[in-house]
Amino acid sequence: MSDTIETFLEESRVFEPSAEFKAAANASDPNIYEKAEADPEGWWVSWAETLDWSQKWHTVLEWNQPFAKWFVGGKLNACYNCVDRHVVSGKGDKIALIGEGEPGDVRNFTYSQVKDRVSQIANGLKAIGIGKGDIVAVYMPMGPELAMTMLACARIGAPHTVIFGGFTAESIADRANNCGAKAIVTSDGTWRRGKIVELKRIVDEAMELGCSTVDKVLVFDRVGKPGTMTSGMATPDYNAGTWVDGRDVKAADVCDTASTDCPCEEMDAEDLLFILYTSGSTGKPKGIMHTTGGYLTGTTATTKLVFDMKDEDIYWCTADCGWVTGHSYIVYGPMSNGCTQVMYEGAPDAQGKDRFWKIIEKHKVSILYTAPTAIRTFMKWGEDLPNGCDLSSLRLLGSVGEPINPEAWMWYHRVIGRERCPIVDTWWQTETGGIMVTPLPGIVSTKPGSATRPFPGVGATIYDEDGNDIGADSDGEVGGLLVLKRPWPSMLRGIWGDEDRYRDVYWSKFSDAYFAGDGAKRDADGFFWLLGRVDDIMLVSGHNISTMEVESALVDHPAVAEAAVIGKQHEVKGQAIAAFVIIKQGFEPSDELRQEIRMHVGQKIGPVARPDDLIFTADVPKTRSGKIMRRLLRDIAEGRLLGDTTTLADPNVVASLQAEHDKES
Ligand code: WT7
């Protein structure tokens, strides 16, 4: 592999925040960057001081690479900071959570009500034998009870490990066994595209596979609860037949009847707050560990400044709590800031493909945080849908999960933001705990497709393969590897039970920096452009080309809705580019169109990036978090048997893809 990644796409449009936005922004002083850079520890201390500690730390940072301890000696409780302190300060009647179910049921909880309900759930957990230090697996629908269960765990010092409600029984068993979970909290079911997914039954299957450390399963009612059904439907008992006495406990029995009083456990700053499993591109999931004080400091600061969170905002992050985005930017960061937010249970096309826009209109959402894959789906569905709704409440838009291609950025800006709303493209990872590279919306002018600058105090830079900082003077022509040069409070503290893997994955590539695994370039203004996972960079005739740049050039063609690109083995070139392309409604696949799209990429990037193969397809295989599974596409393109497909959102996609590929080649 050659030393540098060449980069091709150029984007020169710049968007400044309005004078009005700047004037009112939480961060408006550009010197914030220099100040934080001059004294990063002091900067983070100023944020830690905004939290409520029962005992102050004696040492800000103990750093023995790769092990960090932040706010050493400090004591606090994350739930207290996210809930009780808002009640204490007189905001008890403010709405914390607006839970909209897929069938359309809406349930609001004020901060006082959250405090009572969280305390009841915490007491219920105690009643089934959970105490400080016991790990609780959580497999629940995306709704208020999920957030409140996470907070209840934090309240009593029991680390949670949330497992996304779309995962299989094997995934639950793997994770519960890996961390030694003592209980699983679940619900009878959840709604997804008008159908019930029976979560409790999936937990039963996991228990049958063997979860040796789990002795209790706590079950909330969701789909079987009177009043939560779509009108006219009966309320069946989804647990009938599979109930295991002694193991299974109804939340209705131990939580609903429990006291609304439950003291917050005093936790050490470095006590484990949660473990979250992230699959990475290969291998078994890694249990990423986050602790209490630093994590809460980082998520509180970034929420306030990146989302410009104000008391009167209505915030909506469309992620699921099963992902880190839901931990950091639904539960901990936003609730620590005392915000009002929407949580939505179901699919974006339930009861119509304009469901998101209806939710924004109905709840007057002012800040929306979503993912590029969702934005591209909405582009495919057409602008009439958002245009039919009142989106005037929106004032800020966010993006996370993968590089947002300029085409999608512009659509988001124009159609959803109506050219009024700054866009914050936020780069971070499960491992970083909080946002690391992002605009501050009142300070930084944005460029479509760039995550712009490191958050104040964050030591992000770009190294070449040999660990040299490639500097800002490269003008964006060479890319390299994104690294973080100094510790930050919300950083992972390790991989559960696997110290070697922790060192190996993140700290062995470079001697003096955290290796994020992403390619990046920096332009003459010092702006960062993320180029995708390093594993996703192709080597074509000696040129390193990022799959993301080719995908961006493809979707720039008016007929293309979405594209996935891989490098497939090629005798002469090393790798040849194969593109899987989804076309927009109103276009027909044809050889002419195929040639036209190939030429378009050649014009945008250069002939070397023109795909050899271009396969029209109805869909591409994605994980449930929206990441393209390139490994499977390579299997298809190189004519291999398919590897593991269990983490696919829709397993049917690959079969039809394979048929289309075989037909065309
Ligand atoms: C990987 C982390 C962070 C929460 C959701 C995903 C990619 C994430 C961006 C962005 C370019 C991005 C990176 C990163 N990524 N946000 N704004 N621009 N790439 O968490 O599952 O831990 O994935 O997502 O490749 O390494 P995750």
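Residues numbered from 1 in each chain as written. Predicted model: local features only at pLDDT ≥ 70, side-chain atom pairs only at ≥ 80, totals over all residues. Heavy atoms only, no water.

Peer 1: Can you lay out the site of the ligand for me, pointing to particular residues and giving the numbers?
Peer 2: Taken together, 16 residues are adjacent to the ligand, and D425, T426, T430, D518 and R533 come closest. Contact distances for the ligand include 2.7 Å between a nitrogen atom and a side-chain N or O atom of D425. Measuring from an oxygen atom of the ligand, one finds a side-chain N or O atom of R533 at 2.8 Å. Considered on its own, the ligand offers 550 Å² of accessible surface; in the complex 90% of this is hidden by protein. (Near = heavy atom within 4 Å. Polar contact = N/O pair within 3.5 Å; in protein donor to acceptor, adjacent residues only side chain to side chain. Areas by Shrake-Rupley, 256 points an atom, 1.4 Å probe, with all protein chains shown as cover.)

Peer 1: Tell me about the state of the cysteines, and please be specific about residues and values.
Peer 2: All told, the structure shown has 0 disulfides when counted by the stated rule. Counting only cysteine sulfurs, C79 is the nearest neighbor of C264, a cysteine outside any disulfide, at a range of 5.1 Å. A residue is classified by how much of its surface remains accessible, and C264, at 24% relative accessible area, is partly exposed. C389 forms no disulfide, and the closest cysteine sulfur to it belongs to C421, at a distance of 15 Å. Accessibility expressed as a relative area gives 6% for C389, which makes it buried. (Disulfide = S-S within 2.5 Å. Buried < 20%, exposed > 50% of the residue type's maximum accessible area, 1.4 Å probe, protein only.)

Peer 1: Provide a residue-level description of the domain arrangement of the protein, including the pertinent values.
Peer 2: The accessible area lost on association of the parts is a frequent measure of interface size. What the domain assignment reports for the protein is domain 1 (19–461 + 487–500) and domain 2 (541–664). Each of domain 1 and domain 2 has a C-alpha centre, and these two points are 33 Å apart. Taken together, the contact between domain 1 and domain 2 spans 15 residues of the former and 15 residues of the latter. Buried surface at the junction of domain 1 and domain 2, summed over both partners, amounts to about 1,400 Å²; 53% is from carbon and sulfur atoms. When the buried area of domain 1 at its contact with domain 2 is split by residue, R376, K380 and E407 rank highest and sum to 35% of it. Counting the contacts that link domain 1 with domain 2 gives 1 salt bridge. Between R376 and E562 there is a salt bridge; the shortest N-O distance is 2.9 Å. One can count 2 residue pairs in polar contact (both at pLDDT 80 or more) joining domain 1 with domain 2. Secondary-structure elements contributing two or more residues to the side of domain 1 that touches domain 2 are α13 (372–381) and α15 (406–416). Residues of the side of domain 1 that touches domain 2, tallied by class, amount to 5 nonpolar, 6 polar and 4 charged. (Domains from an automatic or database assignment. Contact = heavy atoms within 4.5 Å. Buried area = accessible area lost by both parts, 1.4 Å probe. Salt bridge = Lys/Arg side-chain N within 4 Å of Asp/Glu carboxyl O. Helix = DSSP H or I, 4+ residues; strand = E, 2+ residues; numbered from the N terminus. Nonpolar A, V, L, I, M, F, W, Y, C, P; charged D, E, K, R; others polar.)

Peer 1: Can you break down the sheet that holds strand β21 (residues 423–425) residue by residue, with the values?
Peer 2: Across a sheet, strands are paired by hydrogen bonds formed along the backbone, either parallel or antiparallel in direction. Taken in spatial order, the 7 strands line up as β6-β5-β18-β17-β19-β20-β21 in an open sheet, and their pairing is mixed. Two strands close off the open sheet at either side, each with one partner strand: β6 (106–110) and β21. Geometrically, the sheet is characterised by an average inter-axis angle of 15° between neighbouring strands, direction not taken into account. Bridging between strand β17 (residues 314–317) and strand β19 (residues 367–370) involves 3 bridges; their strand directions are parallel. In the sheet register, C317 faces β19, and the bridge partner there is Y369. (Pairing = 2+ DSSP bridges. Axes fitted to C-alpha atoms, helices over the stretch in contact; angles between N-to-C directions.)

Peer 1: Can you tell me about helix α17 (residues 547–555), naming the residues and giving the values?
Peer 2: Within α17, 9 of the 9 residues are buried, leaving the element largely enclosed by the surrounding structure. Of all the positions in α17, only T547, M548, E549, V550, E551, S552, A553, L554 and V555 are classed as buried.

Peer 1: With reference to specific residues and values, describe the side chain of E102.
Peer 2: With respect to the element layout, E102 can be found in the loop between β5 (95–100) and β6. For the buried E102, no salt bridge exists, and the shortest N-O distance to an oppositely charged side chain is 5.5 Å, to R192. Polar side-chain contacts of E102 include one of 2.8 Å to the backbone nitrogen of R193. A polar contact of 2.7 Å, which involves the side chain of E102, links it to the backbone nitrogen of G194. If we skip the residues at most four places from it in the chain, E102 touches W191, R192, R193, G194, R222, Y344, E345, G346, A347, A350, Q351 and R355. (Lys, Arg positive; Asp, Glu negative; His and termini not counted.)

Peer 1: Explain the environment of M140 residue by residue, including any values.
Peer 2: If you trace the backbone, M140 turns up in the loop between β7 (136–139) and α6 (144–156). For the pair M140 and K126, spaced 14 residues apart in the sequence, the C-alpha separation amounts to 19 Å. Setting aside its immediate chain neighbours within four residues, M140 contacts E145, L146, T149, V185, T186, S187, L199 and F220.

Peer 1: Provide a residue-level description of the environment of A176, including the pertinent values.
Peer 2: Residue position: A176 is located in helix α7 (residues 169–179). When the C-alpha positions of A176 and T161 are compared, they lie 8.4 Å apart, and in sequence the two are 15 residues distant.

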